[in-house]
Amino acid sequence: VLQFEQNHSILKKNDDLVIVALVDDLFAGGVHGEIKKDSMYVNLLVVNESYRGKKVGTNLMQKLEEIAKTKGVVQIDLGTTQFQARQFYEKLGYKVIMTRNDFPKGFFCYTLIKDIT
């Protein structure tokens, strides 16, 4: 059973959104987004290795977007590197708007954005 918890006080900022996914009370993953006016920056998405490939990350991002909309967010942006999750985010509808070379050294870094209106 996949459960989601929302906790706004973990980082003691009113504009933070933290969602944790639990499977049978065990940590499966989590996502943190920071809201600034009508946009959000996703600082972190993590999925426990045991739960990768089981839609935990997708469900976390969908829940994040759903809650963000209720808070007036119209656009979400995030960053990833070529050895992380670019294709994952693109499957969720995020578009690359900037590519940076050698960040970190020897790799590309991508900034992606999605309108959620």
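Reference entry: report on the structure contained in this document.

Rules behind the numbers
- Residues numbered from 1 in each chain as written.
- Predicted model: local features only at pLDDT ≥ 70, side-chain atom pairs only at ≥ 80, totals over all residues.
- Heavy atoms only, no water.
- Core = buried A, V, L, I, M, F, W, Y, C linked by side-chain atoms within 4.5 Å.
- Buried < 20%, exposed > 50% of the residue type's maximum accessible area, 1.4 Å probe, protein only.
- Helix = DSSP H or I, 4+ residues; strand = E, 2+ residues; numbered from the N terminus.
- Contact = heavy atoms within 4.5 Å.
- Polar contact = N/O pair within 3.5 Å; in protein donor to acceptor, adjacent residues only side chain to side chain.
- 1 Å grid on protein atoms, 1.4 Å probe; cavity = no way out; pocket = protein on both sides within 12 Å on 5 of 7 lines; lining within 4 Å.
- Points joined across faces, edges and corners; volume = space filled by probe spheres on them.
- Nonpolar A, V, L, I, M, F, W, Y, C, P; charged D, E, K, R; others polar.
- Phe/Tyr/Trp six-rings, centres within 6.5 Å; stacked < 30°, edge-to-face > 60°.
- Lys NZ or Arg CZ within 6 Å of the ring centre and 35° of its normal.

Of all hydrophobic cores here, the largest spans 26 residues; its most connected members are M40, M61, L64, I76 and Y94. Taken together, the elements giving at least two residues each to this core come down to β2 (16-23), β3 (26-36), β4 (39-47), α1 (56-70), β5 (75-81) and β7 (108-115). Per-element tally for this core: the top contributor is α1, with six residues. With residues near it in sequence (within four places) discarded, I76 still touches M40, V42, L64, E65, A68, Y94, L112, I113, K114 and I116.

What follows concerns the side chain of T80. Relative to the helices and strands, T80 resides in strand β5. For T80, a relative accessible area of 3% translates into the label buried. Within the structure, the side chain of T80 is placed 3.3 Å from the side chain of Q84, a separation counted as a polar contact. Apart from the residues lying within four places of it in its own chain, the contact partners of T80 are A85, R86, Y89, F108, C109, Y110 and L112.

For the rest of this paragraph, the subject is the layout of surface pockets. Roughly 520 Å³ of volume is contained in the largest pocket. Lining the largest pocket are 22 residues, and of these L45, V47, A85, F88 and Y89 sit closest to its centre. Counting only elements with at least two residues in the lining of the largest pocket, the list comes to β4, α1, β5 and α2 (86-91). Take the lining of the largest pocket: its biggest share by element is five residues, from β4. Residues that form the lining of the largest pocket fall into these classes: 11 nonpolar, seven polar and four charged.

With that out of the way, let us pick up the environment of V96. Of note, V96 is situated in strand β6 (residues 95-101). V96 gets classed as partly exposed once you look at its relative accessible area, which sits at 26%. Sequence spacing of V96 and L112 is 16 residues, and the spatial spacing of their C-alpha atoms is 4.3 Å. Those residues within four positions of V96 in sequence are excluded, and the remaining contacts are R86, E90, Y110, T111 and L112.

Now for the packing of aromatic side chains. Going through the model one piece at a time under the given rule, you end up with four aromatic pairs. With centroids separated by 4.8 Å and ring planes inclined at 75°, the aromatic side chains of F83 and F107 adopt a geometry described as edge-to-face. Residue F83 is found in the loop between β5 and α2, and its partner F107 is found in the loop between β6 and β7; the two are separated by 24 residues along the sequence. Among the residues examined, F107 registers a relative accessible area of 32% and is labelled partly exposed. Ring centres 5.1 Å apart and planes at 70° place the aromatic pair F88 and Y89 in the edge-to-face group. Residue F88 is classed as partly exposed on the basis of its relative accessible area of 23%. Here the aromatic residues F88, Y89 and Y94 are joined through ring pairs into a cluster of three or more. Over the ring of Y110 we find R86, and its NZ or CZ is 4.5 Å from the ring centre. Stacked on the ring of F103, the Lys or Arg R100 has its end atom at 3.8 Å from the ring centre.

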